[in-house]
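Secondary and tertiary structure notes
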Amino acid sequence: MGSEIRNVGIIGAGQMGCGIAQVAAVAGHRVHLYDLSAERVEAALATVNGNLARQVVSGKITDDARSAALALITGTSDVNDLASSDLVIEAATEDEAVKRKIYATVCPILKPEAILATNTSSLSITRLASATDRPERFMGIHFMNPVPVMKLVELVRGIATDEPTFVAAKQFVSTLDKVITVAEDFPAFIVNRILLPMINEAIYTLYEGVGSVDAIDTAMKLGANHPMGPLQLADFIGLDTCLSIMQVLHEGLSDSKYRPCPLLVKYVEAGWLGRKSGRGFYDYRGPTPVPTR
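Here goes a summary of the coordinates provided. This one's a predicted model, so the numbers in the text were calculated from it and none came from an experiment.

1. Here we look at the environment of C107
When you line up the elements, C107 lands in the loop between helix 4 (96-106) and strand 5 (115-118). Linking C107 and M150, residues 43 residues apart in sequence, is a C-alpha distance of 30 Å. Residue contacts for C107: discarding those within four places in its chain leaves L116, T132, D133 and R134.

2. Concerning helix 11 (residues 262-269)
Of all the residues in helix 11, the buried ones are L263, L264, Y267 and V268. The buried residues of helix 11 occupy an angular sector of 140° when projected down its axis, which confines them to one face. Turned more than 90 degrees away from the buried face of helix 11 sit K266 and E269, all of them exposed. Immediately downstream of helix 11, the backbone of G271 shows phi near 80°, a positive value.

3. Re the nonpolar core
Counting 38 residues, the largest nonpolar core has L87, I89, I141, F143 and F172 as its most contacted members. It is helix 1 (residues 15-26) that contributes the most residues to this core, seven residues altogether. Dropping the residues within four chain positions of it, I141 is found in contact with L87, A117, T118, N119, V153, E154, L155, A169 and V173. Counting residues in each nonpolar core, the second largest holds 29 residues, with L196, L239, Y267 and V268 among its members.

The rules we used
Residues numbered from 1 in each chain as written. Predicted model: local features only at pLDDT ≥ 70, side-chain atom pairs only at ≥ 80, totals over all residues. Heavy atoms only, no water. Helix = DSSP H or I, 4+ residues; strand = E, 2+ residues; numbered from the N terminus. Contact = heavy atoms within 4.5 Å. Buried < 20%, exposed > 50% of the residue type's maximum accessible area, 1.4 Å probe, protein only. Arc of directions from axis to C-beta. Core = buried A, V, L, I, M, F, W, Y, C linked by side-chain atoms within 4.5 Å.

Have a look at this one:
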């Protein structure tokens, strides 16, 4: 079994998949970025190109390094192009049914020794692994958003994950200039188990009229030295993602302290999902974001 990872497949050309592709290519790995939608793949490659061009301008990388990284990324909407991968990272939407469907499609075409990883931010690694043909070669590699900027990666083993898989994943992440933290396979792991209830509490604070959007975000930025207020951060993450993580925590740990705030549910039902939909706790449709409450 070869544990050295050279070829990396990424499933999902959204914000996370795009960022993972970028950091892997900059680190010298050959990357296949796969998505069902060819348009999404094209858009992702354009985003990577733009991000790398900005890094050249700011002096973080050289123009040669940018060209070399772009040459290592291939976009595809044919799942068979992932067959040569040593590691495949699934970065699809935070929906267990969607992820299971992906594994059923991709597992038959992977090499027996290939590692399959998920970028899930909250779902059970053990349960996802059971939907694959390689639970011992499956684990969580959870990147933070935005991937090129955030230094942390959470590594999460399922109950069946074997030691060589864990070691190979650790070696791979260390090539990306990231810092590793190891989390046990509990709902939402470390970062989101602490961060999302804080965001949910900020939404309760708004819901109960303790403070306005502006008051709450200003209080946490200047009173707790947070770089971004919790409601602004919720909009950045996506309110649908915030809600799904709170639901995973609430169902998985059966503790009322994880109950999603009704106001969060209402915003998601309205389609006010934050920055990506133009409205959330702030309205992004004008030149500057305006609080919606």
